[in-house]
Amino acid sequence: MANGISEQIRGFSIEVMPRTAAKIDDFRAILPLGTRVYVAMIEGTPLDEMVATAKRIRSSGFPVMPHFPARLIGSRRELADLIDRYSSEANVDEALVIGGGAGAPAGDFHCALQLLRTELFSKAGFTRIHIAGHPEGNRDIDPQGGTANVDEALASKHEFLRSAHAESAIVTQFLFEAEPVRAWMRRIRELGIELPVHLGIAGPAKLQTLLKFAIACGVGSSLRVLKRRASDIPNLLRKHEPTDLIEDISRFKASNELQNFANLHVFPLGGIMASAKWAAEKGGHAHTLGAFAR
């Protein structure tokens, strides 16, 4: 199954924050050329840092996709300013448009669809728009459980994007087993949603780190995979990789059960360098393997 893992890792994307990106001297040394880099918008991070991070990575030759979280954006004017600065200062024309996890909206927006309907992205010439997917549901959207609201929201965004002049895809929250992905992809296809899916996975990290982020981010039933491993106390300090998950994804894909699957999206919970090195080793990226060998 090793070849299957290598095949799935090719074309992966990765997520960074300004403070973690600042620790990387040169992204060209550790990532394959063309790797899409998402820049997460964290509450309290100054816009100048966000734009500067996007500009530095974009000027190194990578496509950059900043987060636009509805609940952290106070007004249409603020959204327009964000889009303008990313476009004019960092040469960015891609966006991940999400609701955001803030408890209360900062202003006028509370969901991703509201941002999309402003038409500000299309007016600025953005060529690619990604939206969020939640294979295990989302308690912020469906507080009583189930998937009724999250499915309706995804269907509405999909319907809007069908007429948008931009390439579109879904990028999911990270999870730890493949069965929820298979069930979710079957369900969204039944809803008529055929957007490519970029599946979120957690990069290599200590088990205790994975548990902390998984609980904070509301990971669903696949959290049981980590809990089983955590029953062996020495496991907590060991570094765990998403190898089993990717093997299952490869198997399901081979049996034509994941027709929407396009790429893997890496959340580098154990650090950017650790995730980049792991991807280079598993995916056989020659120039990046050389960088880690030095």
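Residues numbered from 1 in each chain as written. Predicted model: local features only at pLDDT ≥ 70, side-chain atom pairs only at ≥ 80, totals over all residues. Heavy atoms only, no water.

To continue, consider the overall build of the protein. Helix and strand counts for the protein stand at 13 helices and 10 strands. Looking at the 294 residues of the protein, the share that counts as buried comes to 52%. Counting only contacts in the protein whose residues sit at least 6 apart along the sequence, the fraction spanning at least 24 positions is 79%. Counting every atom, the protein has about 13500 Å² of accessible surface; 48% of that belongs to carbon and sulfur. For the protein, the distance from the average site of its 35 positive side-chain charges to the average site of its 33 negative ones is 4 Å. (Helix = DSSP H or I, 4+ residues; strand = E, 2+ residues; numbered from the N terminus. Buried < 20%, exposed > 50% of the residue type's maximum accessible area, 1.4 Å probe, protein only. Contact = heavy atoms within 4.5 Å. Areas by Shrake-Rupley, 256 points an atom, 1.4 Å probe, with all protein chains shown as cover. Lys, Arg positive; Asp, Glu negative; His and termini not counted. Charge placed at Lys NZ, Arg CZ, Asp CG, Glu CD.)

Counting 69 residues, the largest nonpolar core has Phe27, Leu31, Phe68, Leu79, Leu115, Phe121 and Ile170 as its most contacted members. Residue contacts for Phe27: discarding those within four places in its chain leaves Val16, Ala21, Arg56, Ile57, Phe62 and Ile272. The next biggest cluster of nonpolar side chains, apart from the first, holds nine residues, and it includes Phe174, Ala214, Val219 and Phe267. (Core = buried A, V, L, I, M, F, W, Y, C linked by side-chain atoms within 4.5 Å.)

Quick look at helix H11 (residues 243–254) now. Counted at 1.5 Å a residue, the expected span for H11 with its 12 residues is 16 Å, and the 16 Å between its end C-alpha atoms agrees. Note on H11: the residue one or two positions beyond its end, Asn256, has a positive phi of about 65 degrees. (Expected span 1.5 Å × (residues − 1).)

What follows is about helix H12 (residues 272–283). An α-helical segment advances 3.6 residues per turn. Residues three or four places apart therefore align on the same side. Taking 1.5 Å as the rise per residue, H12 with 12 residues should run 16 Å; its terminal C-alpha atoms sit 16 Å apart, in good agreement. Where H12 is concerned, the buried positions are Ile272, Ser275, Ala276, Trp278, Ala279, Ala280 and Gly283.

Our focus in this paragraph is the pattern of salt bridges. With the rule as written, the count across this model stands at 11 salt bridges. Between Glu159 and Arg162 there is a salt bridge, with the nearest N and O atoms lying 3.3 Å from each other. A salt bridge links Glu179 to Arg182; the nearest nitrogen and oxygen atoms lie 2.5 Å apart. Linking Glu179 with Arg182, this pair stays in helix H8 (residues 179–190), spanning three residues, or about one helical turn. Taking the relative accessible area as the measure of exposure, Glu179 reaches 35% and is therefore partly exposed. We classify Arg182 as buried; its relative accessible area is 18%. In the salt-bridge network here, residues are joined through shared partners; they are Asp48, Arg85 and Glu89. (Salt bridge = Lys/Arg side-chain N within 4 Å of Asp/Glu carboxyl O.)

A few words on empty space enclosed by the protein. In total, this model carries one cavity of 30 Å³ or more according to the counting rule given. Put simply, the largest cavity is a space of about 40 Å³. Elements that contribute at least two residues to the lining of the largest cavity include exactly strand S5 (128–133), helix H7 (148–161) and H8. If you tally residues by element for the lining of the largest cavity, the top one is H7, at three residues. (1 Å grid on protein atoms, 1.4 Å probe; cavity = no way out; pocket = protein on both sides within 12 Å on 5 of 7 lines; lining within 4 Å. Points joined across faces, edges and corners; volume = space filled by probe spheres on them.)

Before going further, it helps to spend a moment on the sheet that holds strand S10 (residues 261–267). Spatially, the eight strands close up into a barrel ordered S1-S2-S3-S4-S5-S6-S7-S10, and their pairing is parallel. Averaged over all pairs of adjacent strands, the angle between strand axes in this sheet comes to 30 degrees, irrespective of strand direction. Sheet analysis places strand S1 (residues 13–16) next to S10, joined by two bridges and oriented parallel. Bridge pairing links Ile14 to Val266 in S10. Packing against the sheet, helix H3 (residues 47–59) makes contact with S1, strand S2 (37–39) and strand S3 (64–69), and its axis sits at approximately 170 degrees to S2. (Pairing = 2+ DSSP bridges. Axes fitted to C-alpha atoms, helices over the stretch in contact; angles between N-to-C directions.)

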